[in-house]
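Next come the chains, spelled out residue by residue.
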Amino acid sequence: MSEQSTHQPPEQGPREQGRQEEGPREQPPEQGRPTALVTGATGTVGRLVVDGLLAAGAEVRALSRAPERAALPAGVRVLRGDLTDPASLRAALGGADAVFLLWPFAGAEGARAVLEETARHARRVVYLSSAAVREHEREVERLVERSGIGWTVLRPHALAANARRWADGVRTGGVVREAFGAATTAPVDERDVAAVAVRALTGDGQLGAVLELTGPRSMTRSEQAGILGEALGRPVRWEEAGEPAARQQMLDRGWPAAAADGVLRDLAASLAAPAVITDTVREVTGAPALSFHDWARAHAGEFRPTMRAARIHGFGGPEVIRVDTVPRPVPGAGEVLIRVAATSFNPTEAALRAGLLRDLLPVALPYTLGWDVAGTVVGTGPDVTGLAPGDRVIGRVDAGGGGAEYALAPASLLAAAPRTVPLADAAAIPLAGLTAWQAVFEGARLGAGQRVLVNGAGGGVGVFAVQLAKHAGAEVVAVAGPHSAAAVARLGADQVVDRTAGPLAGAVGRPVDVVLNLAPVAPEAAAALVPLVRPGGLLVSVATPVPVPPGVDATAVHLVARNDARQLARLVRLVDSGALTVPVAASYPLDELARVHRDSEAGPARGKITLVP
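Rules used in this analysis
Residues numbered from 1 in each chain as written. Predicted model: local features only at pLDDT ≥ 70, side-chain atom pairs only at ≥ 80, totals over all residues. Heavy atoms only, no water. Helix = DSSP H or I, 4+ residues; strand = E, 2+ residues; numbered from the N terminus. Buried < 20%, exposed > 50% of the residue type's maximum accessible area, 1.4 Å probe, protein only. Contact = heavy atoms within 4.5 Å. pLDDT = per-residue confidence, 0-100. Pairing = 2+ DSSP bridges. Axes fitted to C-alpha atoms, helices over the stretch in contact; angles between N-to-C directions. Right-handed = clockwise from strand over helix to strand, strands pointing away.

Here we take up the side chain of H136. Assignment of secondary structure puts H136 in helix α4 (residues 135-145). With relative accessibility at 15%, the residue H136 sits in the buried group. In contact with H136, other than residues within four places in its own chain, are F105, A106, G107 and A108.

Written as structure tokens, this is what we have:
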């Protein structure tokens, strides 16, 4: 229906003049809230009809073969039913005043039974036909007119939404490759079609009318492409394809051969004269028809390059994480666009997702997760120096966004990726590595000969802290779970203490100079760390603060790690020199991020986990 445009006025007859072959049982409008049933409610026009009916105060029902997947607005009653089974419509039709009928089939078989069932319940039906009036559409129109109830037929000419089929070419190369660029059309915005449908479903007018719907101006198809370019702010050119190639494109999209041939015939016929323009939209709704410029501006995002991104639209459990298709971002001043090889999971993100950090880290929703990124620069914004497309980089993205196929990052906060580990593994370094660096060298100021206890040594920060403490020349006592003990020992810990084996004091032995607390622990567990420090010692925590009781000779520091590209570059040098291992415990597809969050809440994560888009 929507792919075809008819540019000659239809034959005028009794229907076009507002007369009916069989007069409908026109009844006075029902007092109170009308009830409308919408078929095709999840489609381009049907979804807008649903929205318009809700705005008009109607009770809205939607017919769906799979109600659980309909995803319609709150307040819509979605009922299971199938137009191929008229008996399944009875529950949906019971008490309905009006029906919006979209007949999605290439033939009219079965339409009579559907309309007979409709006439037993409803007072009117609005049928979405098309200006092409194909054979099966004409037959459904005839059955609608003879249904015995009030009827309206909508015949939109080419829908503006047909331009969506050009999206792939526009996204990838700014080109529309089709035949008949000089064919004329007056594209009608689907919002106007829906607005007319809502008036016909809820008002007293348009009974017995066949309404031809067009946009306000005739234009060629190549002009449409140019208008899309204006909305996008970059050129979109028309590239004329031969008719055989255009036909094959349609067949590849699943079009029946007869439908493809019909569209090409209509396009060829429309080369000779401007498209017909009607004023029906204004006459019915009181507002002028929207232009194709309006449509292009409203839908420009669909023609921009897209990507998949793991986002939250609200706070809650892991189930709030969705992998959406969204527009690919464009780098601004000082920014680069990175094709992401991987991001990594940080437990703090689970707290953000749950809404526990709203006061400390307020974010705008929807929010793309991922504070780490490793990938390849594919674009640079103004004022970027030192980085160019093709450069492999890693970084901490404080605004989030690493959990996507592409991410923006300030160029000044990135470092060249290490050469000696896979690029995806390097995503484990930024946030955890910087936190460990600052805990070891700034908070604790560790040096040779000191004895340090690392609590949470098996976690994402801990695996780096153990290595950096050894690199500083310290003796390392690592506290870890039983599943992490062997891995922590391989990283160089001098002593590994099982955190589940009982009180730490007895296992640790003599007091340490410094305690690094890298794990979110209960207050009583944090208090149990204090006696492990020698008099005059230091407790540094990047997680749960460790309070020092009055009279105890020790100093406590709570450290919040910051972004630092120079420190990140030093970490990379240690990796490339072999002094620092990047221990990736597991890697998952980005689609499994919700699972990673669930697992982290079930028990502490062991090592770093990366997510690959």
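Next comes the rest of the write-up.
For any part of a model where pLDDT is low, the fine detail of the predicted coordinates should not be relied upon. In this model, the protein carries an average pLDDT of 90, and 94% of its residues clear a pLDDT of 70 or more. Within the model, pLDDT remains below 50 along residues 1-30, and this stretch shows 74 contacts once partners closer than five positions in the same chain are excluded.

So, on to the sheet that holds strand β15 (residues 367-368). Read across the sheet, three strands follow the order β13-β12-β15 without closing on themselves; strand pairing throughout is antiparallel. The sheet terminates laterally at β13 (321-327) and β15, the two strands that pair on one side only. Across seven bridges, strand β12 (residues 306-312) lies against β13 in antiparallel orientation. Looking across to β13, one finds that M307 is bridged to V326.

To continue, consider unusual backbone geometry. In the segment running from L365 into P366, the intervening peptide bond is cis, with an omega of -5°. In this fold, P366 is placed in the loop between α12 (347-354) and β15. Its identity is not glycine, yet Q206 carries a phi of approximately 65°, on the positive side. A residue is classified by how much of its surface remains accessible, and Q206, at 22% relative accessible area, is partly exposed. Backbone geometry at D383 places phi at a positive 70°, although glycine is not the residue there. Within the fold, D383 resides in the loop between β16 (372-380) and β17 (392-396).

Attention now moves to the sheet that holds strand β21 (residues 475-480). Strand order in this open sheet of six strands is β22-β21-β20-β23-β24-β25, and the pairing throughout is parallel. The open sheet is flanked by β22 (495-498) and β25 (554-558), the only strands paired with a single partner. Averaged over neighbouring strand pairs, the angle between their axes works out to 15° when direction is ignored. The sheet contact formed by strand β20 (residues 451-455) and strand β23 (residues 512-517) spans four bridges and is parallel. From the neighbouring strand, V454 faces β23, where its bridge partner is L516.

Before going further, it helps to examine the pairing of strand β5 (residues 124-128). Along β5, five of the five residues are buried, which leaves the element largely enclosed by surrounding structure. By the alternation rule, side chains of β5 split into R124, V126 and L128 and V125 and Y127, which are all buried. Bridging between strand β4 (residues 98-101) and β5 involves four bridges; their strand directions are parallel. The residue of β5 that forms the bridge with L101 is Y127. In this fold, the crossover linking β4 to β5 by way of helix α3 (residues 111-119) has right-handed handedness. Relative to strand β6 (residues 150-156), β5 runs parallel, the two sharing five bridges. Each bridged residue has a counterpart across the sheet, and for R124 the counterpart in β6 is G150.

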